[in-house]
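Architecture and fold: a report
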Amino acid sequence: MTTEKPHDTFPRQYARTGRFTAGAPRSFSVSPDGARVLFLRSRGEQRPANLLWRLDVATGAESVLADPGALLGGGAEELSAAERARRERSRETSAGIVGYALDAAGRTAVFALSGRLFAVDTTSGAARELPAATPLLDPRPSPDGAHVAYATPGGELRVSAADGSGDRLLAGPEADGISWGQAEFIAQEEMGRDRGYWWAPDGSALLAARVDDSPVRRWWIADPANPGRPPAEVAYPAAGTPNAEVGLWLLGLDGTRTEIRWDRAAYPYLARVHWSAGGPPLLQVQARDQREQLVLEADPATGATTVLVTERDADWLELFGGVPVRRADGQLVRITDRDGARVLTVGEKALTDAGLHVRSVLGTDGENVLFTASAGAAEFERRPPGWLGVFEAGPDGVREVGDGALGAVRGAGTTVLTTADPLRPGSTVTVHREGAEPLTVASHAATPLITARPVFRFAGERRIPCAVLLPTGYDPDVDGALPVLMDPYGGPHGQRVVQAHNPHLVSQWFADQGFAVIVADGRGTPGHSPGWEKSINRRTAEVSVQDQVDALHALAEQFPLDLAKVAVRGWSYGGYLAAAAVLREPDVFHAAVAGAPVTEHDLYDTHYTERYYGDPAVEPEVYRANSLVEMAPSLRRPLMVVHGLADDNVVVAHSLRLSTALLAAGRPHTVLPLSGVTHMTPQEQVAENLLLLQVRFLKESLGLL
């Protein structure tokens, strides 16, 4: 544990510790015999680089398998531009070993460090560097441990012999814009697919994505604070414009090549690939409008595919983590929407009902499927707002594995559970094995300088999940009604109301500045029901803002809120929602801070934007109705817009277009540009001052200073 520094503050600590992830164990794997658990963990905020650790399940002893400092000889870690971009897509803020992969026996772990290839024997602890073209990306061993495949920033897919005898090219770009074995921008940013190749179960071949991004339009991200530097060229597939062309090939280690064929014109999105000993490869492919998708089985010998499942939805089809996948018996495991519920299916049989809202599949173990779920519509109010659990479905039915569990990993009877509690900082990781006492994996994460005290409520007729945070030491009889700060994300894939402590820390910090802070997960956010998520279709601004209004008014009946002083803040979709709130409902919201907001949806990417708004050439009226730029003339409340100039996800053009429209309409506003900052703001001083400036702006705007 670390101690408070003489001039430390919560905002600095929050940034310095990577949101208190430095020192927390993560990325768990269980060996096939259940005897060893591997994981990543740094030694704490003072030494934030992750090491690879091993826990002996029989004794509980922890030992270091790989230490970046020792492997690099004390030298500094160097990241390629491609690796930095990959980490930006995955929101990875840590250093050192940020990921690893195992062979089928769990004997060999491989990882990239400073663009070099390393392998470690997980039983003996012997580590070695393997020959490889550097810098490299995403190394993964073959199931038999004989080879290690990896990608390069130049678009190559290469294979290194695990015995150190050599390295060779498996596939390379035939022209500019082509890459092998890497996930394209859209797959990483929006589909949850961060890899571009998959080993055959016998280690004789790989399925590899071939990406041609030459059709994608080029944008240039400049650094205005350093005009001598040339702008960075980015292939950005904005809504209504061409995507990268993605194919899939079977590449044999013997040099053979077979194209995996499906109707790529009708289903251009390669969303998922799975290949295990349970059967032939599985592919999940989507139509561009995401209203239809297929699960395909591929024949490795011919490349032909057979349709196993066809799904259609009038709104859109979601993609889920861990599926489609096969059990060991070859049965297909999916998550799908049936009769208004999101259920787990094996074959054609639904294993869950409306009591659970299935979120992801964590893995399979024999006939058992491990998965996460929220309370479904039939049980929604029996659990507290933001509840999540881990469940197991098998021959004996469905049972809960861990109340309040965030995730789990299992192998051969050994289960690693990660749980959280809103009353306790951080999370707890325990290792369970039948007949033995649970083991606790140590955490070196810093203790926050403040304590979050969320109060959970369902608000209004729609029972909107909310968390309310009041100032530490607040006494309503003495202090009276409080000014309000709505602090939402409020959009797809962004649940903020959770039964955990650390996710509410920033909201508590704002509360301690004198606000009653409300976090409301309105319609469109995950964790409720398919209908809840899809009710924002074509009308995100209207629905998202209305739910913030309704939550505010409902909670004002339970808490001492001053409805004459209400502000709203948010980042990314939350920034869009904050600006939309103050533009659409100025009688309710009296000031806003909008961070990195999407202001014109045709400036955002295809897979996300077209899911909710359609094709801009076909439905331009939907884009106009949800555009902040179109709403700009209605501004009559203070608005601060914050944006990182180096953001290549929500580019700064969004905020500049909004500012231009506000200026043209004669509407005063504030713009805060962040030089060198991307969509994340990890810099310690920037993070602190950004929070302080927001507080001052909001207090001045509400007449509190």
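Parameters at a glance
Residues numbered from 1 in each chain as written. Predicted model: local features only at pLDDT ≥ 70, side-chain atom pairs only at ≥ 80, totals over all residues. Heavy atoms only, no water. Helix = DSSP H or I, 4+ residues; strand = E, 2+ residues; numbered from the N terminus. Rg over C-alpha atoms; globule rule 2.2 N^0.38 Å. Buried < 20%, exposed > 50% of the residue type's maximum accessible area, 1.4 Å probe, protein only. Contact = heavy atoms within 4.5 Å. Areas by Shrake-Rupley, 256 points an atom, 1.4 Å probe, with all protein chains shown as cover. Lys, Arg positive; Asp, Glu negative; His and termini not counted. Charge placed at Lys NZ, Arg CZ, Asp CG, Glu CD. Polar contact = N/O pair within 3.5 Å; in protein donor to acceptor, adjacent residues only side chain to side chain. Pairing = 2+ DSSP bridges. Axes fitted to C-alpha atoms, helices over the stretch in contact; angles between N-to-C directions. Phe/Tyr/Trp six-rings, centres within 6.5 Å; stacked < 30°, edge-to-face > 60°. Lys NZ or Arg CZ within 6 Å of the ring centre and 35° of its normal. pLDDT = per-residue confidence, 0-100. Parallel < 35°, antiparallel > 145°, perpendicular 65-115°, else oblique. Nonpolar A, V, L, I, M, F, W, Y, C, P; charged D, E, K, R; others polar. Salt bridge = Lys/Arg side-chain N within 4 Å of Asp/Glu carboxyl O. Core = buried A, V, L, I, M, F, W, Y, C linked by side-chain atoms within 4.5 Å. Expected span 1.5 Å × (residues − 1).

1. A few points about the overall build of the chain
- Counting its regular elements, the chain contains 14 helices and 44 strands.
- In terms of overall size, the chain behaves like a compact globule, its C-alpha atoms giving a radius of gyration of 25 Å where 705 residues would be expected to give roughly 27 Å.
- Its C-alpha atoms give the chain principal-axis dimensions of roughly 70 × 60 × 55 Å.
- Within the chain, the proportion of its 705 residues that are buried is 57%.
- In the chain, 59% of the contacts between residues at least 6 apart in sequence involve partners at least 24 apart.
- Carbon together with sulfur atoms contributes 50% to the accessible area of the chain, which is approximately 27,300 Å² in total.
- The averaged location of the 87 negative side-chain charges in the chain is 2 Å from the averaged location of its 67 positive side-chain charges.

2. Side note on the side chain of Arg-569
- Looking at the secondary structure, you find Arg-569 in strand 41 (residues 561–571).
- By relative accessible area, which is 13% here, Arg-569 ends up buried.
- Here the side chain of Arg-569 touches Gln-694 through a polar contact of 2.9 Å, side chain to side chain.
- Once residues within four sequence positions are removed from consideration, Arg-569 is found in contact with Leu-485, Met-486, Asp-487, Pro-488, Val-506, Phe-510, Gly-574, Ala-578, Val-593, Leu-691 and Gln-694.

3. With respect to the sheet that holds strand 33 (residues 405–411)
- Judged by pairing direction, the sheet is antiparallel, and its four strands sit side by side in the order 33-34-35-36 without closing on themselves. One side of each edge strand has no neighbouring strand; the edge strands of this open sheet are strand 33 and strand 36 (439–441). Neighbour to neighbour, the strand axes of the sheet diverge by 25° on average, direction disregarded.
- Alignment of strand 35 (residues 424–433) against strand 36, held across three bridges, turns out to be antiparallel. Paired with Val-429 across the bridge in strand 36 is Val-441.

4. What to know about the packing of aromatic side chains
- By the definition in use, this model includes 19 aromatic pairs.
- Summarising the aromatic geometry, the rings of Tyr-608 and Tyr-612 are spaced 4.9 Å apart at their centres and angled 70° between planes, so their arrangement reads as edge-to-face. Here Tyr-608 and its partner Tyr-612 are both found in helix 10 (residues 606–613), four residues apart, which amounts to about one turn of the helix. As far as burial versus exposure is concerned, Tyr-608 and Tyr-612 are alike and both buried.
- With 5.8 Å between their ring centres and 50° between their planes, Tyr-613 and Tyr-623 make a pair best called tilted. Note that Tyr-613 is positioned in helix 10 and Tyr-623 in helix 11 (residues 620–625), a separation of 10 residues in sequence. Across this residue pair, the class does not change: Tyr-613 and Tyr-623 are buried.
- Feature note: the residues Trp-316, Tyr-604, Tyr-608 and Tyr-612 constitute an aromatic cluster, connected by ring pairs.
- Lying over the aromatic face of Trp-53, Arg-41 brings its terminal NZ or CZ to 4.0 Å of the ring centre.
- Sitting over the ring of Trp-387, Arg-383 keeps its end group 3.9 Å from the ring centre.

5. With respect to the confidence of the model for the chain
- For the chain, per-residue confidence averages 94 on the pLDDT scale, and residues scoring 70 or more make up 97% of the total.
- Confidence drops under pLDDT 50 across residues 1–6; counting only partners more than four residues distant or on other chains, this segment forms seven contacts.

6. Section: the packing of helix 8 (residues 540–555) against helix 9 (residues 573–584)
- Remark: helix 8 packs on helix 9, axes separated minimally by 9 Å, with the N-to-C direction vectors making an angle of 80°. The orientation of helix 8 with respect to helix 9, classified from their angle, is roughly perpendicular. For the pair helix 8 and helix 9, contact is made by Thr-540, Ala-541, Glu-542, Ser-544, Val-545 and Gln-548 and by Tyr-573, Tyr-576, Leu-577, Ala-580, Ala-581 and Arg-584, respectively.
- For the contact of helix 8 with helix 9, the residue count by class is seven nonpolar, three polar and two charged.

7. Section: the pattern of salt bridges
- Scanning all chains against the criterion turns up 44 salt bridges.
- The partner of Arg-43 in a salt bridge is Asp-67, with the nearest N and O atoms 4.0 Å apart. With Arg-43 in the loop between strand 2 (36–41) and strand 3 (49–56) and Asp-67 in the loop between strand 4 (62–66) and helix 2 (68–71), the pair connects residues that are 24 residues apart, well separated along the chain.
- Two residues, Asp-562 and Lys-565, come together in a salt bridge whose shortest N-O distance is 3.9 Å.
- Linked through salt bridges whose partners overlap, the residues forming this network are Asp-313, Asp-337, Arg-342, Glu-533 and Lys-534.

8. Digging into the nonpolar core
- Among the nonpolar cores identified, the biggest contains 71 residues, and Ile-518 and Phe-589 are the most heavily contacted of them.
- Counting residues per element, this core draws most heavily on helix 9, at nine residues.
- With sequence-adjacent residues up to four places away left out, Phe-589 is seen in contact with Met-486, Val-545, Gln-548, Val-549, Val-566, Val-568, Ala-581, Val-582 and Arg-637.
- Formed by 33 residues, the second largest nonpolar core is a distinct cluster that contains Leu-505, Met-640, Leu-672 and Leu-674.

9. Concerning helix 10
- Among the eight residues in helix 10, eight count as buried, and that is most of the element.
- Three or more residues of helix 10 are buried, namely Thr-606, His-607, Tyr-608, Thr-609, Glu-610, Arg-611, Tyr-612 and Tyr-613.
- On the buried face of helix 10, the contacting elements are helix 4 (185–191), strand 21 (269–274), strand 22 (282–286), helix 8, helix 9 and helix 11.
- Of the residues flanking the start of helix 10, the one acting as N-cap is Asp-605, its side-chain oxygen 3.1 Å from the backbone nitrogen of Tyr-608.
- Within two residues after helix 10, Gly-614 carries a phi angle of roughly 80°, on the positive side.

10. Thoughts on helix 8
- Relative to the 22 Å expected for 16 residues at 1.5 Å per residue, helix 8 spans 22 Å between its end C-alpha atoms, a close match to the ideal helical length.
- By the criterion of burial, helix 8 is predominantly enclosed, with 12 of the 16 residues buried.

11. Things to note about unusual backbone geometry
- For the peptide bond that leads from Thr-134 to Pro-135, omega is -5°, which places it in the cis range.
- Assignment of secondary structure puts Pro-135 in the loop between strand 9 (127–129) and strand 10 (137–141).
- Cis peptide bonds are those with omega within 30 degrees of zero, and the linkage from Val-323 to Pro-324 qualifies with 0°.
- Positionally, Pro-324 belongs in the loop between strand 24 (305–312) and strand 25 (325–326).
- A positive phi angle, close to 60°, is found at Arg-19, a residue other than glycine.
- For Arg-19, the location among the structural elements is in the loop between helix 1 (10–16) and strand 1 (26–30).
- Even without glycine at this site, Asp-138 takes up a positive phi of about 55°.
- Tracing the sequence through the fold places Asp-138 in strand 10.

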